[in-house]
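Residue strings, one per chain:
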Amino acid sequence: MSAITPIDYQGFETLSLRQLDELNAAPKGSSFRAFKRALPTLREGEHFFHLPADEHKVWIEALKVSGQIYATTVHLVLLTRSGCERLQQQTASPAS
């Protein structure tokens, strides 16, 4: 298994949803579902970045080629360290 290299974005070391799935040995889509559940508690620019395809197409394509994001990615979500921690807390806490 290869090491996961963070994706540098605006001075933040971030991880893609694919990288989080790989890090947690989780099936594809697990981190996306956790992200959607945690979204009300997350702040864009602090916990995550949403990069629309129309503005970041070239970079998104390069990340696909490098294998850092899923080949099916359209709009890119990158999570900061604090965002990853919030997702882990969300996953670890029992559903209310």
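Below is a summary of the structure that appears in this document. Just so you know, these numbers come straight off a predicted model, no measurement behind them.

### Let's talk about the sheet that holds strand β2 (residues 12–16)
Taken in spatial order, the four strands line up as β1-β2-β4-β3 in an open sheet, and their pairing is antiparallel. In this open sheet, the two strands that pair with only one neighbour each are β1 (7–9) and β3 (48–51). For this sheet, the mean inter-axis angle between neighbouring strands, taken without regard to orientation, is 40 degrees. Here β2 runs beside strand β4 (residues 76–79); their pairing, made up of two bridges, is antiparallel. Among the inter-strand pairings, Ser16 is bridged to a residue of β4, identified as Leu78. Relative to β4, helix α4 (residues 81–92) is tilted by about 90 degrees, and along the sheet it contacts β2 and β4.

### A closer look at helix α3 (residues 53–66)
Spanning 14 residues, α3 covers only 17 Å between terminal C-alpha atoms, well under the ideal 20 Å at 1.5 Å per step. All of the buried residues along α3 are His56, Ile60 and Leu63. Looking at the packing, one finds that the buried side of α3 touches β1, β3 and β4. Just downstream of α3, Gly67 is the residue with a positive phi angle, here 85 degrees.

What counts, and where the lines are drawn
- Residues numbered from 1 in each chain as written.
- Predicted model: local features only at pLDDT ≥ 70, side-chain atom pairs only at ≥ 80, totals over all residues.
- Heavy atoms only, no water.
- Pairing = 2+ DSSP bridges.
- Helix = DSSP H or I, 4+ residues; strand = E, 2+ residues; numbered from the N terminus.
- Axes fitted to C-alpha atoms, helices over the stretch in contact; angles between N-to-C directions.
- Contact = heavy atoms within 4.5 Å.
- Expected span 1.5 Å × (residues − 1).
- Buried < 20%, exposed > 50% of the residue type's maximum accessible area, 1.4 Å probe, protein only.

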